[in-house]
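Chains, contacts and geometry: an overview
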Amino acid sequence: MVPKNYSARYYAYTALLGLVGFALLLYLTVYPLAPFRFDWLSFAIFTLLAFGCKFLSFRLMGVVTLSMDTAVYITALLCLGAVPGAWTVFFSMYMKIVWDTINREVVTGSEERPFLENILAPLFQGGTGGLAALAAGLFLPVSAFASGEMLQTWSVIWLAPAAALVFVLIQYTTVLHKYALLGYSWKNLFGQALLPGLFTETILIPLAMVMALTYHGQGEVSLPFVILVATYVIVNFIFKKLSDARGRLDERVKDLQSLNRMGRTICSTLQAEDLVSVLARQTLDVVEDADSVMVYVWNDETDEFETVVEHKEGKDPELFKLQMAVDLAARTVANKTSFSSGKLQPGQEGDRLTELKGQPLPRGSWIGIPVQAEDQAIGAVILYSARAEGFPPP
């Protein structure tokens, strides 16, 4: 994970693109380049469908959210025309970011972001999505297809993929540049987000072709069209489940690799007097997202628990609250169970802990793991990250 740096340049970029996209959409609605009919029922259906598909999203690199809703947007463009289709993109993206912001900041309190970021993020996402849709709709004969001026059966074969390619390239480029301004590597974004995203987002375009032809064949929202929409949602749901399963498997493999490395280090230093210090440093090395670690373990010679704290180079040690870490470790030993200050996945063992002794945990992310010998808890390892989402759930 890369620390987020909400710089003035970042805010200028997001504000400018969001406002330009919204203003251009508004202008072309009031002063259209060509007359168009706004079918409010179809517009509402496409907007709600795209909005719903975003709840079946999954993540690439742990950063970029992928919802496979491009097929819905292309269908909306081909059925409604350039401007109404672009409004579908704008509103569905805007509503989803607003929903996520309210859920994150108010309901769960999982992460606090700057107020200006919370205001600009929905406008940026909706505005850039609207711009990408307008580009696809205006530079290609999308409106002519939607109005029936083109031979639809054959035109859709090239028009749908072309519109999807233009839309995805512009949308991904603008959004990924935002992440680059936050400090993420363009090389990683290109290889791990853009290329896989292009493939995955466009894989359902054939279904968009069928939905568009079905819509125009009936001249309105019909039962066959509704069945196709349901099919699209089911396919999207399956992709999400497969992605979630793959993500959990990757996390488990990563955990096993880390444990293997840690075990080798421990075995090679069993006779060393500074075993606890070695364990702390090795834990900090293998857990990439951790800023600080505390090993809290029972010492038979002193008949008390001793603690060793290590901080990653370049991290502020003042953010790590030692007394809170000791209290968390004591709780972990007493309960013999792990905890996390972040969300737990369904079926994941351990407790979610947001406060201790009536006091909220210090800002950041905390994880505690008991150290057990047979049935006895002989200590605990406490990990800390200054980032609110420092430890992504498996």
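What you see is a predicted model, and the numbers here were worked out from it, not measured in a lab.

A word on the overall build of the chain
Counting its secondary structure elements, the chain contains 12 helices and 10 strands. Across the 394 residues of the chain, 47% fall into the buried class. Look at the contacts in the chain between residues 6 or more apart in sequence, and 68% of them connect residues 24 or more apart. Total accessible area on the chain is roughly 20200 Å²; 61% of this is exposed by carbon and sulfur atoms.

Focus: the nonpolar core
Counting residues in hydrophobic clusters, the biggest one holds 61 residues, and the most contacted among them are Ile74, Leu78 and Phe167. For Ile74, the residues in contact, after removing those within four places along its chain, are Ala160, Ala163, Ala164, Phe167 and Ile205. Counting 17 residues, the second largest nonpolar core, distinct from the first, contains Ala329, Val333, Ala380 and Tyr384.

Topic: the confidence of the model for the chain
The predicted model of the chain averages 79 in pLDDT, with 78% of residues at 70 or higher. Within the chain, the lowest mean pLDDT, 54, falls on strand β2 (residues 64–66), and the highest, 94, falls on helix α1 (residues 8–30). Here residues 267–273 is a poorly scored stretch, pLDDT under 50, and it has two contacts once near neighbours within four places are set aside; other chains count.

Description of the packing of helix α2 (residues 40–53) against helix α3 (residues 70–80)
Where α2 meets α3, the axes come as close as 10 Å, and the angle between the chain directions of the two elements is 170 degrees. Comparing the axis directions of α2 and α3 gives the class roughly antiparallel. Note on element contacts: α3 touches α2 through Val72, Tyr73, Thr75, Ala76, Cys79 and Leu80, opposite Ser42, Phe43, Phe46, Leu49, Ala50 and Cys53. By residue class, the composition of the contact of α2 with α3 is 10 nonpolar, two polar and no charged.

Section: the environment of Val276
Among the structural elements, Val276 can be located in helix α11 (residues 275–286). Considering only alpha carbons, one finds Val276 and Glu306, 30 residues apart in sequence, at a separation of 9.2 Å. Apart from residues no more than four positions distant in its own chain, Val276 is found in contact with Val295, Val297, Glu306 and Val308.

Considerations on unusual backbone geometry
Its identity as a non-glycine residue notwithstanding, Lys336 has a phi of 55 degrees, on the positive side. Given a relative accessible area of 41%, Lys336 falls into the partly exposed group. If you check the backbone angles, Lys357 has positive phi at about 55 degrees while not being a glycine. With respect to the helices, strands and loops of the structure, Lys357 is situated in the loop between β7 (355–356) and β8 (359–360).

So, the environment of Phe43
Within the secondary structure, Phe43 is located in helix α2. Overall, Phe43 belongs to the buried group, its relative accessible area being 11%. In this structure, the C-alpha to C-alpha distance between Phe43 and Leu80, residues 37 residues apart in sequence, is 7.5 Å. Discounting chain neighbours no more than four positions away, the residues touching Phe43 are Phe38, Leu80, Pro84, Trp87, Thr88 and Phe91.

Quick word on the packing of aromatic side chains
By the definition in use, this model includes 20 aromatic pairs. Ring geometry for Phe90 versus Phe91: centroids 5.5 Å apart, planes at 90 degrees, classification edge-to-face. Residue Phe90 is classed as buried on the basis of its relative accessible area, which comes to 4%. With relative accessibility at 35%, the residue Phe91 sits in the partly exposed group. Ring geometry for Tyr296 versus Phe305: centroids 4.5 Å apart, planes at 10 degrees, classification stacked. The buried category is assigned to Tyr296, whose relative accessible area is 10%. Residue Phe305 is classed as partly exposed on the basis of its relative accessible area, which comes to 29%. One aromatic cluster in this structure is built from Phe22, Phe38, Trp40, Phe43, Trp87, Phe90, Phe91 and Tyr94. Across from the ring centre of Tyr179, 5.2 Å away, lies the NZ or CZ of Lys178, which sits over that ring.

Re the pairing of strand β4 (residues 304–311)
Pairing geometry for strand β3 (residues 292–299) and β4, over eight bridges, is antiparallel. Residue pairing for β4: Val293 is matched across the bridge by Glu310. Linking two consecutive strands that pair antiparallel, namely β3 and β4, is a turn of four residues; a positive phi of about 60 degrees is found at Asp303 within it.

The rules behind these values
Throughout this description, residue numbers start from 1 for each chain and increase along the sequence as written. Reporting in this predicted model follows two pLDDT cut-offs: at least 70 for local features of residues, and 80 or more for side-chain atom pairs to be given and counted; totals over whole chains, interfaces and linings ignore these cut-offs and use all residues. With hydrogens and water excluded, all non-hydrogen atoms of the structure serve as input to the side-chain values. Every helix listed is a DSSP run of H or I at least four residues long, and every strand listed is a run of E at least two residues long, numbered separately from the N terminus. Exposure classes here rest on a 1.4 Å probe applied to the protein chains alone. A residue is buried below 20% of its type maximum, exposed above 50%, and partly exposed in between. Any two residues having at least one pair of non-hydrogen atoms within 4.5 Å are treated as being in contact. Each accessible area is a Shrake-Rupley estimate made with a 1.4 Å probe; only the visible protein chains count as cover when residues are assessed. Buried Ala, Val, Leu, Ile, Met, Phe, Trp, Tyr and Cys residues form a nonpolar core when they are joined through side-chain atoms within 4.5 Å. Every residue is assigned a pLDDT by the predictor, reflecting its confidence on a scale from 0 to 100. For helices, the fitted axis covers only the stretch in contact; all axes are lines through C-alpha atoms, and the angles between them, taken along N-to-C directions, range from 0 to 180 degrees. Angles are sorted into four bins: roughly parallel if under 35 degrees, roughly antiparallel if over 145, roughly perpendicular if 65 to 115, and oblique for all others. When residues are sorted by character, Ala, Val, Leu, Ile, Met, Phe, Trp, Tyr, Cys and Pro go into the nonpolar class, Asp, Glu, Lys and Arg into the charged class, and all the rest, Gly among them, into the polar class. Ring pairs are drawn from Phe, Tyr and Trp, using the six-membered ring of Trp, whenever the two centres fall within 6.5 Å, and their geometry is named by plane angle: stacked under 30 degrees, edge-to-face over 60, tilted for the rest. Any Lys NZ or Arg CZ that is within 6 Å of a ring centre and within 35 degrees of that ring's normal is treated as a charge sitting over the ring. Any two strands with at least two DSSP-identified bridges between them are counted as paired.

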